[in-house]
Every structure is written in C-alpha cells, then in structure tokens.
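Here is what each chain is made of, one letter per residue.
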Amino acid sequence: MGTWNSRGLRGSFLEEMINLTNEKYRSQKLALIQKVPTPIKPIKIEQSTRHITLAYFDQKSTVDYIGVVQGIPVCFDAKECATENFPLANVHEHQIQFMKEFEEQDGIAFLVIYFKSKDRYMYLPFDKLNEFWERMKAGGVKHFKLQELDSCYEISPYSGTFLHYLEQIQMDINRR
C-alpha cells in the first residue's frame, strides 16, 4: 500500500473542479454529491502540531463521489490521464464491482476522465467502462483510447472552473 502523501494528490486539479461544480449544484438545489474520503491509518503524527506526517491507506476505497441528482443515485470516480490512452490499471477491480452493484440498485455509475494532453473532459458510462474492462480480462489491450469514446459525452468546462456533467448523466439515462 502507498502512503497518502505520495498518491493522495493525483487528480487533485480535476477533483477541485468537480468539488466546485458539486458545490454549485448543491446551492442551486440540482444535486447533492459528496466527496468520499479515503480512509487512512496514521503512522506518524507530529506532536507539536498534531499533523499526520505519514499514513497508509487503511482499506480499499470505492469511488470518489456519491450522491443524488434529482432523486437518482449517482456514484463516480475522477481520473486524470496524461495521454490519449487511458490505462485500465487506473481503475481497480473493487471499483468495477462497486459500480456494477450500484447500477444493479438502479443507480448511475460513471467515470469523469480528464485527458490532459488534449485538454478534454469525458463522461464514461459504466457499461462502456465495463466493456473495456471485460475486453482486457479476455486478453485484449489494457487501455482504451480517447477516440473510442463517444464524443457526445464530452464535458465542457464553464469559465474554466466548473464541469457541468449533469447533461451527460441525462444522456446516459435517456439511452438506457
């Protein structure tokens, strides 16, 4: 297991945009989405400041965000990718299982992926993610390409601060 200070800030730019978006959704009463804290086990604590200086992930986390949009349960994970190929190693088996079970309970599960090299934000419905996952498990490639995603699921950043992903959730619901 890695320490929180070496892995905990991955995806922080994307997560900050999502956090601002979720706060806006909450204030406008459009959705209530919460960041799921990653459980950690403190190892070293600086006594004078009582700050944790070394910690390990205590258990496997599920997804980054969970909540409700106009009565519809949603859960999703935020991922950043440096290239146009998204490595499926960035998603863990327990996350796939959680999202699958979440959808079996009539929830909506998805990824929000920031492809840094193209400065593009994509909504990936769980069924498409699972298709890529099953392809990998069957011996196929261990990644998927940005070009394999449906461009209608691209999320536009507003004012460079917000990622309005509710439109993509509605599209996901409409195609089911």
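Above: the structure in question.
What you are looking at is a predicted structure, and each value in this text was computed from that prediction instead of being measured. (Residues numbered from 1 in each chain as written. Predicted model: local features only at pLDDT ≥ 70, side-chain atom pairs only at ≥ 80, totals over all residues. Heavy atoms only, no water.)

Caption draft 1: Inspection of the overall build of the protein at higher detail. Check the secondary structure of the protein and you find five helices and 12 strands. Counting only contacts in the protein whose residues sit at least 6 apart along the sequence, the fraction spanning at least 24 positions is 66%. Carbon and sulfur atoms make up 52% of the accessible area of the protein, which totals about 10000 Å². (Helix = DSSP H or I, 4+ residues; strand = E, 2+ residues; numbered from the N terminus. Contact = heavy atoms within 4.5 Å. Areas by Shrake-Rupley, 256 points an atom, 1.4 Å probe, with all protein chains shown as cover.)

Caption draft 2: Molecular detail of the sheet that holds strand β7 (residues 108–115). Spatial strand order, β1-β4-β5-β7-β8-β10: six strands in an open sheet with mixed pairing. Each of the sheet's edge strands pairs with one partner strand only, and the pair in question is β1 (31–35) and β10 (154–155). Pairing geometry for strand β5 (residues 72–81) and β7, over eight bridges, is parallel. The residue of β7 that forms the bridge with K79 is I113. Contacting β7 and β8 (120–125), helix α4 (residues 126–137) crosses the sheet at an angle of about 85° to β8. (Pairing = 2+ DSSP bridges. Axes fitted to C-alpha atoms, helices over the stretch in contact; angles between N-to-C directions.)

Caption draft 3: Inspection of unusual backbone geometry at higher detail. Positioned with a positive phi, D106 is a non-glycine residue whose angle comes to about 70°. Given a relative accessible area of 65%, D106 falls into the exposed group. Unlike most non-glycine residues, D119 shows phi in positive territory, near 50°. Along the polypeptide, D119 turns up in the loop between β7 and β8. (Buried < 20%, exposed > 50% of the residue type's maximum accessible area, 1.4 Å probe, protein only.)

Caption draft 4: Spotlight on the side chain of E80. Within the secondary structure, E80 is located in strand β5. You can call E80 buried: its relative accessible area is 18%. Of the polar contacts made by the side chain of E80, one reaches the backbone nitrogen of L14; its length is 2.9 Å. (Polar contact = N/O pair within 3.5 Å; in protein donor to acceptor, adjacent residues only side chain to side chain.)

Caption draft 5: Fine view of the packing of aromatic side chains. This model, assessed by the stated rule, comprises 12 aromatic pairs. Between Y25 and Y165 the ring centres are 5.3 Å apart and the planes differ by 70°, which places this aromatic pair in the edge-to-face class. Here Y25 is found in helix α2 (residues 12–27), whereas its partner Y165 is found in the loop between β12 (162–163) and α5 (166–174), with 140 residues between them in sequence. With a relative accessible area of 1%, Y165 lands in the buried category. Residues Y114 and Y121 carry aromatic rings whose centres are separated by 4.3 Å and whose planes lie at 15° to one another, so their mutual orientation is stacked. For Y114, a relative accessible area of 9% gives the class buried. Feature note: the residues Y25, Y65, F76, F110, Y123, Y153 and Y165 constitute an aromatic cluster, connected by ring pairs. Sitting over the face of the ring of F162, K24 holds its NZ or CZ atom 4.5 Å from the ring centroid. Across the ring face of Y65, the terminal group of K35 is positioned such that the distance to the ring centre comes to 5.5 Å. (Phe/Tyr/Trp six-rings, centres within 6.5 Å; stacked < 30°, edge-to-face > 60°. Lys NZ or Arg CZ within 6 Å of the ring centre and 35° of its normal.)

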